[in-house]
Amino acid sequence: MAKSRFEDGSRPSSATFGRVLREQTVETPNSLDSPREVNDLLLVEDNPADIRFVEETIDNSSLDATVHSVSTSAAGVDFVRQRGEYQDAPEPDLVFLDWNLRQTTGREVLTAIKEEHAHIPIVILTGSKVKVEPDQLPSTKADSVKEKPTDPDGYIEIIRSIAPNQ
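Now for a look at the structure at hand. (Residues numbered from 1 in each chain as written. Predicted model: local features only at pLDDT ≥ 70, side-chain atom pairs only at ≥ 80, totals over all residues. Heavy atoms only, no water.)

**Remarks on the pattern of salt bridges**
If you walk through the whole model with that rule in mind, you get 6 salt bridges. Notably, a salt bridge pairs Arg83 with Asp78, separated by 2.5 Å at the nearest N-O pair. Of the charged contacts in the structure, one is a salt bridge between Lys148 and Asp98, with a shortest N-O distance of 3.5 Å. One end of the pair, Lys148, is in the loop between strand E5 (144–147) and helix H5 (152–162); the other, Asp98, is in strand E3 (residues 94–98), with 50 residues separating them in the sequence. Looking at Lys148, the relative accessible area reads 15%, which means it is buried. (Salt bridge = Lys/Arg side-chain N within 4 Å of Asp/Glu carboxyl O. Helix = DSSP H or I, 4+ residues; strand = E, 2+ residues; numbered from the N terminus. Buried < 20%, exposed > 50% of the residue type's maximum accessible area, 1.4 Å probe, protein only.)

Right, dumping it as structure tokens:
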């Protein structure tokens with residue numbers, strides 16, 4: 001029977017075998033912790049230039065996602081709740097939420113979505129270097145708070161942090 005050896009000729013201990021097995025564990029697609037897919041991205045943003053930038057970023061990437069954009073907090077809530085003009089809208093797999101909307105903060109949207117759809121990840125985006133501190137958020141917290149990326153790769157990185165296999 002052949003004995004296992006490392007490249008340097010030493011033999012692995014039983015602790016090493018356990019570590020190697022743990023590092024090689026592969027999650028199955030049916031695993032509860034398997035990465036999600038982002039097919040429908042809801043962008044709640046009131047700046048047309050930012051909307052266009054995100055849409056073009058996704059369109060020009062290898063991601064197979066559709067960007068649905070709304071410009072008010074009320075429309076964001078209606079979209080997720082599938083009310084009014086959004087009754088046929090798909091449930092988003094991810095929400096990018098501008099925290100500093102003109103008429104309100106993103107707090108209203110965040111609270112409404114997390115009350116009824118806690119499973120939808122929400123990334124708060126802020127255009128200022130001043131970060132939104134977690135204690136400024138309601139008890140139903142966002143999944144992430146990021147400064148708005150200034151290059152396309154930044155948005156792709158955020159999506160891939162939620163759905164690494166995309």
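**A word on the side chain of Asp98**
On the basis of relative accessibility, which here comes to 3%, the residue Asp98 falls in the buried class. Of note is the side chain of Asp98, whose polar atom sits 3.1 Å from the backbone nitrogen of Asn100. Residues in contact with Asp98, not counting those within four places in the same chain, are Val44, Glu45, Asp46, Gly106, Leu125 and Lys148. (Polar contact = N/O pair within 3.5 Å; in protein donor to acceptor, adjacent residues only side chain to side chain. Contact = heavy atoms within 4.5 Å.)

**So, unusual backbone geometry**
One non-glycine residue, Gln82, adopts positive backbone phi at about 55°. With respect to the helices and strands, Gln82 occurs in the loop between helix H3 (73–81) and E3. Residue classification places Gln82 among the partly exposed residues on the basis of a relative accessible area of 35%.

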